[in-house]
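Descriptive analysis of the structure
Here is what each chain is made of, one letter per residue.
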Amino acid sequence: SIILAMKAKDKIRLEALRAVKSAILIEKTKTGNKETLDENQIIKLLQKLVKQRNDSAKIYKEQNRDELAEIEESQSKIISEFLPKQLSEGELITIIDEVITATGAESIKDMGKVIGTTNAKVLGSAYRTYLFNNVVSVRVCDYNFGDSFEDIEDLGIEDWTSHIQFSHITRQTH
């Protein structure tokens, strides 16, 4: 891919691919690492690179540096091409429900067991961490929002996350 990017004179793609290659080489040479990285280590590394690019793009946008933000976003998209398909909210909820049923989780004390088992089950699949944590919290702790969970799922992710956080705060104060 690097050679193809060089031949196509695609500077942004070339920089992104070189960053991936560099990160993999650095990870391989760290003390205690094997000579080769397994698939999970590479996925985590790629996710880290994508997150770094997205964070940089956000900072650039805040500073009205749109041209630099565009470059970071482009590189993020290029690196994301090498990541597995991201789970949808529905797929993630289904998997978490299966794990909760299988583990018999009933309280906040069981959250660690649910998270560990779910992570093992979705190995190699990408998901948004904040969504994952909130879904596990809601499903395990069985918060009583006064709404059905289906109604909450109809909210946008930002609204849903705010709803969960607000409900959690009001539960603590009562």
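Residues numbered from 1 in each chain as written. Predicted model: local features only at pLDDT ≥ 70, side-chain atom pairs only at ≥ 80, totals over all residues. Heavy atoms only, no water.

Contact geometry for helix 5 (residues 89-103) and helix 6 (residues 111-121): axes closest at 9 Å, N-to-C directions at 125 degrees. As far as their axial angle goes, helix 6 and helix 5 are oblique. Every pair of crossing elements has a handedness; the one defined by helix 5 and helix 6 is right-handed. Residues Ile-95, Ile-96, Glu-98, Val-99, Ile-100 and Thr-103 of helix 5 form the contact with helix 6, whose participating residues are Lys-113, Val-114, Thr-117, Thr-118 and Lys-121. Looking at the contact of helix 5 with helix 6, its residues break down into five nonpolar, three polar and three charged. (Axes fitted to C-alpha atoms, helices over the stretch in contact; angles between N-to-C directions. Helix = DSSP H or I, 4+ residues; strand = E, 2+ residues; numbered from the N terminus. Parallel < 35°, antiparallel > 145°, perpendicular 65-115°, else oblique. Left-handed = near helix turned anticlockwise from the far one by under 90°. Contact = heavy atoms within 4.5 Å. Nonpolar A, V, L, I, M, F, W, Y, C, P; charged D, E, K, R; others polar.)

You can see Ile-79 is positioned in helix 4 (residues 66-80). Spatially, the C-alpha atoms of Ile-79 and Val-50 are 6.4 Å apart, while their sequence positions differ by 29 residues. Non-local contacts of Ile-79, meaning those with residues more than four positions away in its chain, are made with Ala-16, Val-20, Leu-46, Leu-49, Val-50 and Arg-53.

This part takes up the environment of Leu-4. In this fold, Leu-4 is placed in helix 1 (residues 2-8). As for Leu-4 and Leu-14, which are separated by 10 residues in sequence, their C-alpha atoms are 8.7 Å apart.

A word on helix 3 (residues 39-62). With 24 residues, helix 3 should reach 34 Å at 1.5 Å per residue; the first-to-last C-alpha distance of 35 Å fits that figure. For helix 3, the set of buried residues is Ile-43, Leu-45, Leu-46, Leu-49, Val-50, Arg-53 and Ala-57. Buried residues belonging to helix 3 abut helix 2 (11-29) and helix 4. One or two residues past the end of helix 3 sits Asn-64, with phi positive at roughly 55 degrees. (Expected span 1.5 Å × (residues − 1). Buried < 20%, exposed > 50% of the residue type's maximum accessible area, 1.4 Å probe, protein only.)

Let's shift gears to the pattern of salt bridges. Counting across every chain of the model gives six salt bridges. Linking Glu-27 and Lys-30 is a salt bridge whose minimum nitrogen-to-oxygen distance equals 3.3 Å. Here Arg-65 and Glu-67 are joined by a salt bridge, their closest N and O atoms 3.3 Å apart. (Salt bridge = Lys/Arg side-chain N within 4 Å of Asp/Glu carboxyl O.)

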